[in-house]
Amino acid sequence: MLRRIIQIADRIVNFVIAAGCILLLVYGGYALWDSAQITEQASSSMYTAYKPVNSPSFEDMRKTNPEIFGWLTIDDTHIDYPLVQGTDNSKYVNTDAAGNFSLSGSLFLDYRNENNFSDLNSIIYGHHMEKSAMFGELENFGEVSFFDAHRSGRLYYNGQWHELEIFAFLHVDAYDPVIYNTDLTQDSGADYLAYVQQHAQLFRDLPFQTGDRYLVLSTCTSTSTNGRHVLICRISGTVSAIKA
């Protein structure tokens, strides 16, 4: 009788273990699928058809979400996305450019900035994601070879493309009083540049001039809760053509 009880108990234990293993496999498979879905939704290829390259598709996209106002492209990277701006800096953390819920969010301009980029210091935020999605590639600019090989980008707003000149990469705190200050005036330009150069891991000297405007691209780091990777560009003149 005792032996029979032991056999039944053993079978129950084995069943529970097997069921647990199956559940772990199912959960693991779902987690991988879910992660792949998030990454796919964050891919710049999702937006390629709407890029404003002699095409009305961009304006069609704006009809679905009027808070779309521009486009950011960093040459020879996967950073190639529409830009949005909300009434705060929370909405587009988990909302895609079409206005739908998405864990990958969007690239969005700080709500305090003018979306014609007339401010001295304009800030665009994006998630640090795997497989080079969103701002996942920003950390690569911390490598000298990558920084040296990637010097330019394009910024679309007010119906025109503008050249971006990349000149600094920094690791900063999310509450950095200068890098995240959108109220800096043109009179602060020299002090701003001196601060950036002092704190930059990598810096490229350009022929800076009074009246220059700067674009900060900001994303989280994986090593610190408040740590941020920051890439800074100068917004230059308009360009007549851009790569599709």
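This structure is a prediction, so every number in the text was calculated from the model and none was measured.

(A) Focus on the overall build of the protein chain. Assigned secondary structure in the protein chain consists of 4 helices and 9 strands. Along the protein chain, from the amino end to the carboxyl end, the secondary structure elements read α-α-β-β-β-β-α-β-β-α-β-β-β. Relative to its 244 residues, the protein chain shows a buried fraction of 46%. Counted over contacts in the protein chain with a minimum sequence separation of 6, partners at least 24 positions apart contribute 61%. Within the structure as shown, the protein chain displays about 13,000 Å² of accessible surface, and the carbon and sulfur contribution to it stands at 54%.

(B) Layout of the nonpolar core. In terms of nonpolar packing, the biggest core is built from 61 residues, with Leu72, Ile179 and Ile232 touching the most fellow members. Sorting elements by how many residues they give to this core places strand E6 (residues 160–173) first, with 8 residues. Those residues in contact with Ile179 that sit more than four places away from it in its chain are Asn121, Ile123, Leu170, Val172, Tyr195, Val196, Val216, Val230 and Ile232.

(C) Representation of the packing of aromatic side chains within the structure. Summed over all chains, the structure comprises 15 aromatic pairs. On the basis of an interplanar angle of 80° and a centroid distance of 5.4 Å, the ring pair of Phe58 and Tyr156 is categorised as edge-to-face. Here Phe58 is found in helix H2 (residues 57–64), whereas its partner Tyr156 is found in strand E5 (residues 152–157), with 98 residues between them in sequence. Between Phe167 and Phe203 the ring centres are 5.7 Å apart and the planes differ by 85°, which places this aromatic pair in the edge-to-face class. You can see Phe167 sitting in strand E6 and its partner Phe203 sitting in strand E7 (residues 202–203), a full 36 residues away along the chain. Grouped by ring-pair contacts, the aromatic residues Phe167, Tyr192, Phe203, Phe208 and Tyr214 constitute a single cluster. Over the ring of Phe147 we find Arg204; its NZ or CZ atom is 4.2 Å from the centre of that ring.

(D) Focus on the layout of surface pockets. Within this model, the largest pocket holds a volume of roughly 340 Å³. What lines the largest pocket is a set of 16 residues, and nearest its centre among them are Tyr125, Ala174, Tyr180, Ser218 and Arg228. In terms of residues, the lining of the largest pocket owes the most to one element, strand E8 (residues 213–220), which gives 3 residues. Across the lining of the largest pocket, the residue classes break down as 7 nonpolar, 7 polar and 2 charged. Approximately 190 Å³ is the volume found for the second largest pocket.

(E) How the structure looks around the pairing of strand E1 (residues 68–74). Taking burial as the measure, the 7 residues of E1 include 7 buried ones, the bulk of the element. Note that E1 and strand E2 (residues 80–84) share 5 bridges and pair antiparallel. Across the sheet, residue Leu72 finds its bridge partner in E2, namely Tyr81. Linking E1 to E2, which pair antiparallel, is a turn of 5 residues; within it Asp76 sits at a positive phi near 60°. Here E1 runs beside E5; their pairing, made up of 4 bridges, is antiparallel. Bridge pairing in E5 links Leu72 to Leu155.

(F) Here's a closer look at H2. Every buried residue of H2 is accounted for by Ser57, Phe58 and Met61. Looking straight down H2, one finds its buried side chains confined to an arc of 100°; they lie on one side. Close packing links the buried residues of H2 with E1, E2 and E5.

(G) How the structure looks around the pairing of E2. Burial runs high along E2: 5 of the 5 residues are buried. Pairing between E2 and strand E3 (residues 107–109): 2 bridges, direction parallel. Residue Val84 lies in a different strand from E3, and its bridge partner there is Phe108.

Reading guide: rules and limits
Residues numbered from 1 in each chain as written. Predicted model: local features only at pLDDT ≥ 70, side-chain atom pairs only at ≥ 80, totals over all residues. Heavy atoms only, no water. Helix = DSSP H or I, 4+ residues; strand = E, 2+ residues; numbered from the N terminus. Buried < 20%, exposed > 50% of the residue type's maximum accessible area, 1.4 Å probe, protein only. Contact = heavy atoms within 4.5 Å. Areas by Shrake-Rupley, 256 points an atom, 1.4 Å probe, with all protein chains shown as cover. Core = buried A, V, L, I, M, F, W, Y, C linked by side-chain atoms within 4.5 Å. Phe/Tyr/Trp six-rings, centres within 6.5 Å; stacked < 30°, edge-to-face > 60°. Lys NZ or Arg CZ within 6 Å of the ring centre and 35° of its normal. 1 Å grid on protein atoms, 1.4 Å probe; cavity = no way out; pocket = protein on both sides within 12 Å on 5 of 7 lines; lining within 4 Å. Points joined across faces, edges and corners; volume = space filled by probe spheres on them. Nonpolar A, V, L, I, M, F, W, Y, C, P; charged D, E, K, R; others polar. Pairing = 2+ DSSP bridges. Arc of directions from axis to C-beta.

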